[in-house]
Amino acid sequence: MLAPATYAHLPAHPTAKLRISVPEAVDLQRVLTVLTGRNHAFTRFAAEESDDGGWSLTLDLTGDTDQLELVRRRLLRLPCVLDVSVTSGG
């Protein structure tokens, strides 16, 4: 009989926090459409209106460094995206 498999040796997927600034609430949907259309795995999502009337979208996204940079560049190509910052989650 074989022992149960353990996966402790497999590296966990790194997580990063993305903060995306857009000017209007409708732009939040555009950003989410891009992310879900590409099957990106995000684990947390929050949106809040900023003092200047724009919107800030914060989400935790899993992926390696190259994938996260690609997501950042894709989002910056959207005309509605004002800024994207990526912070490593650990």
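Anything mentioned here points back to the structure above.
Residues numbered from 1 in each chain as written. Predicted model: local features only at pLDDT ≥ 70, side-chain atom pairs only at ≥ 80, totals over all residues. Heavy atoms only, no water.

Visitor: Would you take a moment to explain the overall build of the chain for this structure?
Guide: Counting secondary structure elements, the chain contains 2 helices and 4 strands. Per-residue burial for the chain yields a buried fraction of 27% across its 90 residues. A sequence separation of at least 24 residues applies to 66% of the contacts in the chain between residues at least 6 apart. Accessible surface, the chain as shown: approximately 6300 Å² in total, 54% of it carbon and sulfur. (Helix = DSSP H or I, 4+ residues; strand = E, 2+ residues; numbered from the N terminus. Buried < 20%, exposed > 50% of the residue type's maximum accessible area, 1.4 Å probe, protein only. Contact = heavy atoms within 4.5 Å. Areas by Shrake-Rupley, 256 points an atom, 1.4 Å probe, with all protein chains shown as cover.)

Visitor: Teacher, can you tell me more about the pattern of salt bridges here?
Guide: Pairs may arise between side chains of opposite charge once their charged atoms sit close together. Throughout the structure, instances matching the rule amount to 5 salt bridges. We note a salt bridge from Arg72 to Glu69, for which the minimum N-O separation is 2.8 Å. On the criterion of helical spacing, the pair formed by Arg72 and Glu69 is a turn pair, its members being 3 residues apart in helix H2 (residues 65-76). A relative accessible area of 23% means that Arg72 is categorised as partly exposed. What makes Glu69 partly exposed here is its relative accessible area of 29%. (Salt bridge = Lys/Arg side-chain N within 4 Å of Asp/Glu carboxyl O.)

Visitor: Explain H2 to me, please; I cannot follow it from the model alone.
Guide: An ideal rise of 1.5 Å per residue puts 16 Å on 12 residues; H2 measures up with 17 Å between its terminal C-alpha atoms. What H2 keeps buried is the set Leu68, Val71, Arg74 and Leu75. Mapping the buried residues of H2 onto a view down its axis gives an arc of 125 degrees, with all of them on the same face. Structural note: H2 exposes Thr65 and Asp66 on the side pointing more than 90 degrees away from its buried face. Where H2 is buried, its residues meet strand S1 (15-22), helix H1 (25-37), strand S3 (55-62) and strand S4 (83-88). Where H2 begins, one side-chain oxygen reaches toward the backbone nitrogen of Asp66, 3.1 Å away; that side chain belongs to Asp64. (Expected span 1.5 Å × (residues − 1). Arc of directions from axis to C-beta. Polar contact = N/O pair within 3.5 Å; in protein donor to acceptor, adjacent residues only side chain to side chain.)

Visitor: Whenever I open this one, the nonpolar core confuses me. Can you help?
Guide: Within soluble globular proteins, side chains that are nonpolar tend to cluster in buried spots. Counting 17 residues, the largest nonpolar core has Leu18, Ile20, Val31, Leu59, Leu75 and Val81 as its most contacted members. Those elements that provide at least two residues to this core are S1, H1, S3 and H2. Counting residues per element, this core draws most heavily on S1, at 4 residues. Not counting chain neighbours up to four residues away, the residues in contact with Ile20 comprise Val31, Trp55, Ser56, Leu57, Leu59, Leu75, Val81, Asp83 and Val84. (Core = buried A, V, L, I, M, F, W, Y, C linked by side-chain atoms within 4.5 Å.)

Visitor: Help me understand the sheet that holds S4 in this model?
Guide: Sheet strands pair via backbone hydrogen bonds, and the direction of the pair is either parallel or antiparallel. As summarised here, the arrangement of the 4 strands in space is S2-S3-S1-S4, forming an open sheet in which the pairing is antiparallel. The sheet terminates laterally at strand S2 (42-49) and S4, the two strands that pair on one side only. Strand-to-strand twist in this sheet, taken as the mean axis angle between neighbours without regard to direction, amounts to 15 degrees. Where S2 and S3 come together, 7 bridges link them in antiparallel fashion. By the bridge assignment for S3, Ala46 is matched with Thr58. (Pairing = 2+ DSSP bridges. Axes fitted to C-alpha atoms, helices over the stretch in contact; angles between N-to-C directions.)

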